[in-house]
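Take a look at the letters that make up each chain.
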Amino acid sequence: MKSEFNPPIGKISQINGKCISLIGNDIDTDRIIPARFLKCIDFDSLGKSVFEDDRKTLKGSHPFDLKENQDSSILIVNSNFGCGSSREHAPQALLRWGIRAIIGESFAEIFYSNCIAIGIPCFTLTKKSIQNIQEYNISKNLFLEIDLKNSSAISEDLNFNLDIKESTKKMFLSGEWDATATLLENSSLVDRKFKELPYIKFS
Amino acid sequence: MSQDTLFDKVWDLHKVSSLPGGSDQIFIGLHLIHEVTSPQAFGGLKDKNLKVKFPSRTVATVDHIVPTDNQSRPFKDNLAEQMIGTLEKNCLQHKIRFFNIGSGNQGIVHVVAPELGLTQPGMTIACGDSHTSTHGAFGSIAFGIGTSQVRDVLATQTIAMNKLKVRQIWCENKLSHGVFAKDLVLNIINELGVKAGVGFAYEFAGPAINALSMEERMTICNMSIEGGARCGYVNPDEKTFSYIKNKLCAPKNENWDEALLWWNSLKSDANSIYDDVIKFDASKVEPTVTWGITPGQSVGINQQIPLLEELSPNDQFIAEEAYEYMGFKPGQSIKNTPVDVCFIGSCTNGRISDLRVAANVLKDKKVSKNIKAFVVPGSEKVAIAAKKEGLDKIFKDSGFQWREPGCSMCLAMNSDKLIGNQVSASSSNRNFKGRQGSPSGRTLLMSPAMVAAAAINGKVSDVREFIN
């Protein structure tokens, strides 16, 4: 875990880092950050508690506890990662642990949009490709350079394309993943919508 | 791409603009907040020096962290006290309506908003909670959001979102006696899978859905997210309108007439186009129990836990993890599985009709020895209504503990938790590893009636043996 926390800001076009593989389908947000850690009024202390219960059960052999993974920043996961609760605490905990990008077979929807909202790009690949990368990463430490503009990833001996929605990619490249400013620009349109909606006066 | 469905109509009505990236800016008609996912959002407003744009469109209550045994302030748990205190302060500062403990209207946010008449057809509704899909039962488009989006709704009353596809789930026939909405939705999730709904809104329709009460429809829509769908809805009808009528925040007098006229125009057209349609036979559904660690891993009460080879290759990975965690053998019967704790409550099944059904099973019966059984009404209103009907007495006489309203052991953020590897029979919505407060605790999801039956026998039982 990195000692100093610098959140992503602005345009994101390149992410370089060591990969950490976490094997399993349907890993839910209760497992990423158990509910007892949601008793907080900020996100600051979440990094150390990521996967707390899974890590305790595995007594030191969980990927997030292995020494060789401590400075990793690209998480490789399988299918339906982040299902369940909408808690943004889950991607916030991963971010604070040091994760800056996630590559997986598929993601749960709210988790995916929470990742965008805090500046963590999520990429998809086929089941087979994910398994190959996870296997490779077990035998050799994989250091990837992700180029968001070209949706590609390269390492010493690998070179492959990553899938990401075009609209999402644009948001990272332009910095609009941090949506508040963009939404605020249309303030007068919002005011007009407020007046137009048939139910505002009776609800 | 879908066309002329209720989802399309409500989406188009609330669309403010097309954003440069390709997503839409959507106006949120009703924003619900609670103590867990809002403090950082208010913090974010402060950091960006922003104020709440339309305070009247946000409503707050407190549910996740509240104790259910002793709600006097300050709470014994300092962190819980800090969270409710922060919400009180934020609501006061930003002039947001807050239904606090003791107001008579506090409770689980997804129980409270419908019973206050806040939830209405044709609205967009967002809340920092994945079970916001519940409100779709009224023909609103409702979905869970994260804390950054809560901040965006507070600041702009809008969010950036890609339009969802629409899948109609057409439910033929009717549920049979002793089979409930919870059983139906568990079966739908089992059949389609826990991630089939990603990218979709689910429209629940057909004779089986039309026959359901509003509270049963809420149970169905509530669990859309367990099938991966962020949003689930039912087209509004007379049952919807009569449920809303005369509620505290419902339109009154001439506004009611106007609202009714508009609501009646709000449904999917007969010839609307869906991205996908699934047919489902409700008459084949049996009382259902989960055996695994996702809500998709369920079987009928008289079925066996599936063998690995009976499952699709994609489901085998998580099944092996589930057998091990749950301590079940493939092929074993789910019926007669001993349980330790019985929990009735949650935004899925903590409403008055749920308590009535469970009390009907428990009347003149006793909870089995060594079982801890407790019922947590979904709201103060539910608790008051239940007491008026004498349901609290039936529960207490049977050996159930009668608690104060809140989310309680659905997610165990208060002191209601499983201990060690206890097995719970639970009317809640998630059987994830560790969900109910113990890292090795095991959850069997089922209807409230089935929880009551399990409490009496001390093991998973067929509720149809208890009701006429």
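Further up the page is the structure itself.
Residues numbered from 1 in each chain as written. Chains lettered and ligands numbered in written order. Predicted model: local features only at pLDDT ≥ 70, side-chain atom pairs only at ≥ 80, totals over all residues. Heavy atoms only, no water.

A. Structural view of the overall build of chain B. Looking only at helices and strands, chain B features 16 helices and 19 strands. The C-alpha atoms of chain B give a radius of gyration of 21 Å, which matches the 23 Å a tight globule of 468 residues would have. Buried positions account for 66% of the 468 residues belonging to chain B. Within chain B, counting contacts between residues at least 6 apart in sequence, those at least 24 apart form 75% of the total. Surface accessibility of chain B: about 15900 Å² in total, with carbon and sulfur atoms responsible for 50%. In chain B, 50 positive and 48 negative side-chain charges are present, and the distance between their average locations comes to 4 Å. (Helix = DSSP H or I, 4+ residues; strand = E, 2+ residues; numbered from the N terminus. Rg over C-alpha atoms; globule rule 2.2 N^0.38 Å. Buried < 20%, exposed > 50% of the residue type's maximum accessible area, 1.4 Å probe, protein only. Contact = heavy atoms within 4.5 Å. Areas by Shrake-Rupley, 256 points an atom, 1.4 Å probe, with all protein chains shown as cover. Lys, Arg positive; Asp, Glu negative; His and termini not counted. Charge placed at Lys NZ, Arg CZ, Asp CG, Glu CD.)

B. Spotlight on the pairing of strand β2 (residues 72–76) of chain A. All names here are of chain A. Within β2, 5 of the 5 residues are buried, leaving the element largely enclosed by the surrounding structure. Where strand β1 (residues 14–21) meets β2, 4 bridges bridge the pair, whose relative direction is parallel. Counterpart to K18 in the pairing with β2 is S72. Bridge count between β2 and strand β3 (residues 101–104): 3 bridges; the pairing is parallel. Bridge pairing in β3 places L75 opposite I102. (Pairing = 2+ DSSP bridges.)

C. How the structure looks around the packing of aromatic side chains. Inspection of the entire model under this criterion finds 19 aromatic pairs over all chains. With 6.3 Å between their ring centres and 50° between their planes, F27(B) and F54(B) make a pair best called tilted. Taken together, the residues span a long stretch of sequence, with F27(B) in strand β2 (residues 24–27) and F54(B) in the loop between α2 (39–47) and β4 (58–61) at a distance of 27 residues. Judged by its relative accessible area of 0%, F27(B) is buried. On the basis of relative accessibility, which here comes to 12%, the residue F54(B) falls in the buried class. Ring geometry for W291(B) versus Y323(B): centroids 5.5 Å apart, planes at 25°, classification stacked. Of this pair, W291(B) sits in the loop between β13 (288–290) and β14 (298–300) while Y323(B) sits in helix α11 (residues 313–326), placing them 32 residues apart in sequence. Pair check on accessibility: W291(B) and Y323(B) agree, each one buried. Grouping aromatic residues by their ring pairs yields a cluster made of F202(A), F241(B), W256(B) and W263(B). One cation-aromatic arrangement involves R73(B) over F75(B); the distance from NZ or CZ to the ring centre is 5.4 Å. Residue placement shows K372(B) over the ring face of F374(B); its charged tip is 5.0 Å from the ring centre. (Phe/Tyr/Trp six-rings, centres within 6.5 Å; stacked < 30°, edge-to-face > 60°. Lys NZ or Arg CZ within 6 Å of the ring centre and 35° of its normal.)

D. Focus on the sheet that holds strand β5 (residues 97–99) of chain B. All names here are of chain B. Spatially, β5-β4-β3-β6-β7 is the arrangement adopted by the 5 strands of the open sheet, whose pairing is parallel. Of all strands in the sheet, those with a lone pairing partner are β5 and β7 (141–144), marking the two edges. Here the strands of the sheet are splayed against their neighbours by 20° on average, with no regard to which way each runs. (Axes fitted to C-alpha atoms, helices over the stretch in contact; angles between N-to-C directions.)

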